[in-house]
Amino acid sequence: MRSLLILFTFLFISCSLDDGKPSGVFYEYDQEHEGMVRIGAKGQFALLGTNESSAPVNDRPSMKVKFTYNYSISKNEVTRKEYAELMGGKSRSVQDSGYLPQTNVTYYDAVLYANAKSVNEGYDTAYTYYSAIFDDNGNCSFLEGLLFDPSKESYRLPTEAEWTFAAQKGWNTSSAWTNVNSEYRSHDVCSLDANDYELCDMAGNAMEWVNDWLGHLMDTTVTNFVGAPDGGTLGQRVVKGGSYHNTPENIKLSSRGDVYTVTSSTKADYVGFRLAFGKISSPSWVNGTGFSSSRISIPVSSSQVKAFTGTYHAKLTFVNYETGNVAYIDFSNSALTVNEIVDTVPVFHPDISPDGKRVAFCTKIEGFAGPSQVYVRDLNSSGSNLIRLDVESAAIPRFRVLPSGDTVIVYVSDAGNNKEENEWKQKSTWQVPFNNGQFGKPVKLFDGSYHGGFSEDGSLVVTGARLLRANVNGKESLWYNGEQACNASLSKDSTKRTMFLDFGGKSGADFVGSSYETHERLLIADSTGDLIQSIAAPENYTFDHSEWSNVKNIAVSSVTNRNGAHSALYLISTTDSSLVKLVEGNELWHPSLWVNKQNLLLQTDLDLDSAGVYLAKDNVVGMSYVLRYKMELLWKYYDSVEIAITGSSRSLHGIIPMSMSSGFAVNFAHTPNDIFISEYFVNNYFIPLFPKLKTIIVSLDLDIWFKEKENDWKNNYASAPGYTYDSTHGFWKDSIPKGMYEFTKNAWGASDSLRSLYTNDRGYFDLPSVGWREKKAEISRDTIDFFEKMRTSAALSALENMIQIASASDVNVIGVIFPLSPWYKETGAFGRYGLKRSHAKMLIEEMNAFEDKYLNFYLMDENKMGDHDYTEEMAFDYDHLSVLGAVQLTSRLDSLLQTLE
């Protein structure tokens, strides 16, 4: 403990843990770190999440976290003045003093601030990264290769557990800046009462970033919890506390998120942060399978992988030796995550199928004799459809595509070493057909276990487990001058190159021109066994297990550090001997890389870095990825759509296209959305490109008509190159390029799980029945007459423009006002985002006048100012329908459409 502590009095606060045992918790002002409070968390507990059944699934169950260390945390949220002094820029405007919380910052911005503060005060940094990307507003939207090191004694964001422990004593939303007293704006920090640790604004003013990825909680006790190892498919982060726009009753200590999906590049005018200081001893991460004192991190971006492979569509499998599971990464996902398939059998030597959908593996490691089994399973998070090859023994499976186009698996009867020729020849090499997830009848190919691979034309097979042996056109050969070699891998292209490792032998040293240690060099031989290339291992590492990918000149390898741990996997280009680290962990074995060769073979004059790329690379904001999948639907169904549904998340969850009998309907709704984005799609895509279009259905979200034109578009979609590419090509009005659906589907940011979520039901996403949320109708913003009238007038003009353009093409427009919580009748607001009720009535009257003015427009007001018939079980929350509500609304829409035929 710091020597200065003896100069200060510890203040003890009596608290009672959930086990009923009292304990003392000290806190003090940290004299070494200005503006911070030292919290005596060692030996204490924080309770994360809740067991309340009505809570969001991410907030359940309750999990107990024990601390074995103390830490410091900022007394207040970082202010605009503090942020500007360290990071540059304006500290204040004429409306504030500079002591307002710094908001409108991304997670990355907060990380950069923490690093800058550490450097400024002479500490090492807790965060490392390769490069930074900034948007037009100066916010950091991506930190390439970002890694957090909890062992650093430095400034950082607090973990969720640290934040919760610091907030829980004296938690009181009634004395926080909320929508009850804030006038829907932030206030100077510490301008209301502090909690029992003298920390300000934990419950209100600004919601706060914490350090953790959002993952699952577990009904158990975890020591020194630091979150999930990654953000999952969506790359989600945890935010804590409430803000000036939240209702006090809805601010929960257990809450871990916001209204919308929160990613590292999200920013909002009500989200800020505070810092923590100190290293975290023996951290524990929690993933879907349990908790661990280690994690697997991905210090690479999809763009770096594409630079090597030529496409984002690449998958990596490997063995996490600590857990005994096969793990995989899909580099085409918008958020890179490590998925582990929990297994009860030993897993070694995984190999991905030619179509990228399955993985084969065996139960015995190369070089060890004895019975082994070969399995194949689907390459998904559950590892579904596991099947076993029904033979006495099989090891080291390798997929191969025959010249006929049939897929087979080559395997050996025993994975033991090949040093003694007579013993080795008692083993054998086999081939078994594999089609539609089923094995065929095995056929013996050779005496001897050639488990290093087959050449493309079948004329060469190799093995390396003590000696480098080959069979060339049926003739056996001993390569590398009979010196010791291992981990042979034969290229899967026409070059017939063999990659292998040695033990610093004379032949390798003579070729390289200098001596080297065991496995310090990756050696490559040609089709005759002559050495043609050598690649040095990364500094402070040696290679361990290398494998060619299924595309030319690309390989992967595990490496060991000086302690012998298999701590990383590297991507290798044999074109220029360059390497890039793909994964870091404690024990990572047996990598296999699959690249979608079909993407590389696409013949087109289009720029595939732009065409169909509807997600900004390395910049996933909020839920902007939803529209990426809706664009797949647009190009898939453009020549079939009769009913186009657009609008916000209320349409996304409220209209079921498959249930509409009056025409072929597709739900293109997405979030974030404003009516100007709907107008953009109607004008540029729907009307000119849908030849069968009869009706457009658009949500009329009056309470979000406060948005300024182009803001949502600029902040969420404009940086995705696909929209600009469409615009510069006249939105393809003259001719839609062949393959636009395929280009869009294969573009960066794809995830099979998200694709099924947003495209399986032609764009509809169902929600469960939760209710209108217990009479607590939340209002997230105030109403200002001048701006409200000006902006709603612009929104009304956008609606009228859509109606006029549709009328010219003989297309109907149905504007739907979705039902909102009936409890808004008890307030002065129309809905969740404000709008005076009197103003809403005026807008509805103007839209009723549109019905008289335009024969193709129909207003469907299902809210009726709160006097609707959508019951509790038909609602998901304050402003979204559950699936039962969607059924009722869709049925009414369909009935209206039938009257228009």
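Given the structure is predicted, the values throughout are model-derived calculations rather than measurements.

Engineer: Explain the overall build of the protein chain to me, please; I cannot follow it from the model alone.
Structural biologist: Of the regular secondary structure elements, the protein chain holds 17 helices and 51 strands. Based on the C-alpha atoms only, the size of the protein chain along its principal axes is roughly 95 × 80 × 45 Å. Counting only residues that meet the buried cut, the protein chain has 61% of its 901 residues in that class. For the protein chain, long-range pairs separated by at least 24 residues make up 65% of all intrachain contacts whose partners lie at least 6 apart in sequence. Accessible surface for the protein chain amounts to roughly 34900 Å². Of this, 48% is attributable to carbon and sulfur atoms.

Engineer: Looking at this structure, I do not really get the state of the cysteines. What am I missing?
Structural biologist: Disulfides are covalent bonds that link the sulfur atoms of two cysteine residues. The final tally for this structure, using the stated rule, is one disulfide. Two residues share a disulfide in this structure: Cys 190 and Cys 200, whose sulfurs sit 2.1 Å from each other. Taking the sign of the S-S torsion, about 100 degrees here, the bridge from Cys 190 to Cys 200 comes out right-handed. Of this pair, Cys 190 sits in the loop between helix 3 (160–168) and strand 12 (207–213) while Cys 200 sits in the loop between helix 3 and strand 12, and the two are 10 residues apart along the sequence. When its relative accessible area of 29% is taken as the criterion, Cys 190 is described as partly exposed. Lacking any disulfide linkage, Cys 362 is separated from the closest cysteine sulfur, that of Cys 486, by 16 Å. For Cys 362, a relative accessible area of 0% corresponds to the buried category.

Engineer: Looking at this structure, how should I read the packing of helix 8 (residues 625–637) against helix 14 (residues 752–759)?
Structural biologist: Working note: a packed helix pair is described by the angle between its axes plus the distance between those axes. Packing of helix 8 against helix 14 leaves a shortest axis separation of 9 Å and a crossing angle of 70 degrees. Regarding the angle of helix 8 to helix 14, the classification is roughly perpendicular. Crossing handedness for the pair helix 8 and helix 14: right-handed. Contacts between helix 8 and helix 14 involve Tyr 625, Val 626, Arg 628, Tyr 629, Lys 630, Glu 632 and Leu 633 from the first element and Leu 754, Arg 755, Tyr 758 and Thr 759 from the second. The residue inventory of the contact of helix 8 with helix 14, partitioned by class, reads six nonpolar, one polar and four charged.

Engineer: Can you walk me through helix 12 (residues 721–728) in this structure?
Structural biologist: Within an α-helix, residues lying three or four positions from one another point in the same direction, as the helix has 3.6 residues per turn. Here helix 12 has its buried residues at Gly 722, Tyr 723, Tyr 725 and Asp 726. With its buried residues spanning 160 degrees around the axis, helix 12 presents them on a single face. After helix 12 finishes, the residue Gly 730 shows a positive phi value of roughly 65 degrees.

Engineer: Looking at this model, I keep getting lost on the pairing of strand 12. Mind explaining?
Structural biologist: On any regular strand, side chains alternate: one points to one face of the sheet, the next to the other face. Of all the seven residues making up strand 12, six are buried; the element is thus mostly covered by neighbouring parts of the structure. Note: strand 12 against strand 15 (residues 271–273), three bridges, orientation parallel. Bridge pairing in strand 15 links Trp 209 to Phe 273. As paired elements, strand 12 and strand 14 (residues 237–240) share three bridges and run antiparallel to each other. Directly across from Trp 213, in strand 14, lies its bridge partner Arg 237.

Engineer: Would you mind going over the nonpolar core with me for this structure?
Structural biologist: The nonpolar side chains of a soluble globular protein tend to be buried, and buried together. Membership of the largest hydrophobic core comes to 66 residues, with the highest contact counts inside it found for Tyr 685 and Met 847. Apart from the residues within four sequence positions on either side, Tyr 685 is in contact with Tyr 614, Met 631, Leu 634, Trp 635, Tyr 680, Phe 690, Tyr 723, Asp 726 and Phe 731. Formed by 62 residues, the second largest nonpolar core is a distinct cluster that contains Ala 41, Met 63, Tyr 71 and Tyr 197.

Engineer: What is the right way to read the environment of Ser 489 from this model?
Structural biologist: Topologically, Ser 489 is positioned in strand 34 (residues 485–490). Spatially, the C-alpha atom of Ser 489 lies 9.7 Å from that of Leu 501, the residues being 12 residues apart in sequence. Aside from chain neighbours lying at most four places away, what touches Ser 489 is Arg 398, Gly 452, Arg 497, Thr 498, Met 499, Ser 546, Glu 547 and Trp 548.

Engineer: Looking at this structure, how should I read the pattern of salt bridges?
Structural biologist: Once their charged atoms are close, side chains differing in charge can pair, the charge on each being opposite to the other. This model, assessed by the stated rule, comprises 38 salt bridges. One salt bridge connects Glu 642 with Lys 694, and the closest N-O pair in it is separated by 3.7 Å. Of this pair, Glu 642 sits in the loop between helix 8 and strand 43 (643–646) while Lys 694 sits in the loop between helix 10 (675–689) and strand 45 (695–699), and the two are 52 residues apart along the sequence. The class of Glu 642 is partly exposed, set by a relative accessible area of 23%. Taken together, the shared-partner salt bridges connect Arg 650, Asp 701, Asp 703, Arg 832, Asp 877 and Asp 879 into one network.

Engineer: Just checking my understanding: could you explain the packing of helix 1 (residues 80–87) against helix 2 (residues 107–120) for this structure?
Structural biologist: Across the interface, helix 1 lies against helix 2 with an axial gap of 10 Å and an inter-helix angle of 65 degrees. Here helix 1 lies roughly perpendicular to helix 2, going by the angle between them. Taken as a pair, helix 1 and helix 2 cross one another with a handedness that is left-handed. Note on element contacts: helix 2 touches helix 1 through Asp 109, Leu 112, Tyr 113, Ala 116, Lys 117 and Asn 120, opposite Glu 82, Tyr 83, Leu 86 and Met 87. Considered class by class, the residues forming the contact of helix 1 with helix 2 number six nonpolar, one polar and three charged.

Engineer: It is not clear to me how helix 17 (residues 883–900) should be interpreted in this structure. Could you clarify?
Structural biologist: Compared with the 26 Å implied by 1.5 Å per residue over 18 residues, the 26 Å span of helix 17 between its first and last C-alpha is a close match. By the burial criterion, the buried members of helix 17 are Gly 885, Ala 886, Gln 888, Leu 889, Thr 890, Leu 893, Asp 894 and Leu 897. Its buried side turned inward, helix 17 meets strand 43, strand 45, strand 46 (812–817), strand 49 (857–861) and strand 51 (880–881).

Engineer: Got a minute to help me understand the sheet that holds strand 34 in this structure?
Structural biologist: Pairing between the strands of a sheet is mediated by backbone hydrogen bonds and can be parallel or antiparallel. Spatially, the seven strands line up as an open sheet ordered 33-32-31-34-35-36-37, and their pairing is antiparallel. Two strands bound the open sheet, and with one partner strand each, they are strand 33 (475–478) and strand 37 (531–536). Strand-to-strand twist across the sheet, computed as the mean angle between neighbouring axes with direction ignored, equals 20 degrees. One ladder, built from two bridges, connects strand 31 (residues 460–466) with strand 34; its direction is antiparallel.

Engineer: Which parts of the structure should I look at to understand the sheet that holds strand 22 (residues 348–352)?
Structural biologist: Across the sheet, which stays open at both edges, the four strands sit in the order 22-23-24-25 with antiparallel pairing between neighbours. The open sheet has two edge strands, strand 22 and strand 25 (387–388), and neither has a second partner. Here strand 24 (residues 374–378) pairs with strand 25 via two bridges, running antiparallel. Paired with Val 376 across the two strands is Ile 387, which belongs to strand 25.

Engineer: How should I be thinking about the packing of aromatic side chains in this particular structure?
Structural biologist: Aromatic rings considered in pairs are described by the distance between their centres and by the relative angle of their planes. Tallied over the entire structure, the rule returns 53 aromatic pairs. Summarising the aromatic geometry, the rings of Phe 446 and Tyr 450 are spaced 5.6 Å apart at their centres and angled 70 degrees between planes, so their arrangement reads as edge-to-face. Take Phe 446 and Tyr 450: they sit in the same class, and that class is buried. Over the face of the ring belonging to Phe 45 we find Lys 64, whose NZ or CZ atom lies 4.4 Å from the ring centre. In this arrangement the basic side chain of Arg 237 is found over the ring face of Trp 213, its NZ or CZ atom lying 3.5 Å from the centre.

Engineer: Before we go on, may I ask you to explain unusual backbone geometry in this structure?
Structural biologist: Glycine aside, a negative phi is what most residues show, and trans is what most peptide bonds show. Following Arg 60, the chain continues into Pro 61 via a peptide bond in cis, with omega recorded as -5 degrees. Along the polypeptide, Pro 61 turns up in the loop between strand 4 (45–48) and strand 5 (63–66). Here the bond from Thr 671 into Pro 672 is cis, since omega is 0 degrees, no more than 30 degrees from zero. Among the structural elements, Pro 672 can be located in the loop between strand 44 (665–667) and helix 10. One non-glycine residue, Ile 396, lies in the positive phi region at around 50 degrees.

Cut-off values and rules
- Sequence order sets the numbering: in each chain, residues are counted from 1 along the sequence as written.
- Local features are withheld for residues below a pLDDT of 70 in this predicted model, meaning they are given only at 70 or higher, and side-chain atom pairs are given and counted only at 80 or more; totals for whole chains, interfaces and linings count all residues.
- The side-chain figures draw on all heavy atoms in the structure; neither hydrogens nor water molecules are used.
- Think of it this way: any DSSP run of H or I at least four residues long counts as a helix, any run of E at least two long counts as a strand, and we number them from the N terminus.
- Here's how the labels work: a residue is buried when its accessible area is under 20% of the maximum for its type, exposed when over 50%, partly exposed in between, all with a 1.4 Å probe on protein chains only.
- Note on contacts: a residue pair is in contact if any heavy atoms of the two residues lie within 4.5 Å.
- Note on areas: Shrake-Rupley with a 1.4 Å probe; residue coverage comes only from the protein chains shown.
- The disulfide definition used here is simple: a pair of cysteine sulfur atoms within 2.5 Å.
- Simply put, an axis is a line fit to the C-alpha atoms, just over the touching stretch for a helix, and the angle between two N-to-C directions goes from 0 to 180 degrees.
- Throughout this description, any angle smaller than 35 degrees is read as roughly parallel, any larger than 145 degrees as roughly antiparallel, any in the 65 to 115 degree range as roughly perpendicular, and the remainder as oblique.
- Handedness of a crossing follows from how the near helix is turned relative to the far one, being left-handed for an anticlockwise turn of less than a right angle and right-handed for a clockwise one.
- Residues were grouped as follows: Ala, Val, Leu, Ile, Met, Phe, Trp, Tyr, Cys and Pro as nonpolar; Asp, Glu, Lys and Arg as charged; and all remaining residues, including Gly, as polar.
- To obtain the arc, one takes the directions from the helix axis to the C-beta atoms.
- When DSSP finds at least two bridges between two strands, those strands are taken to pair.
- Among the buried residues, those of types Ala, Val, Leu, Ile, Met, Phe, Trp, Tyr and Cys that are joined through side-chain atoms within 4.5 Å form a nonpolar core.
- Any Lys or Arg side-chain nitrogen located within 4 Å of an Asp or Glu carboxyl oxygen qualifies as a salt bridge.
- For a helix, the expected span equals 1.5 Å multiplied by the number of residues minus one.
- When two rings of Phe, Tyr or Trp (its six-membered ring) have centres within 6.5 Å they constitute a pair, described as stacked for plane angles under 30 degrees, edge-to-face for angles over 60, and tilted for the intermediate range.
- In our convention, an over-ring charge means Lys NZ or Arg CZ found within 6 Å of a ring centre and within 35 degrees of that ring's normal.

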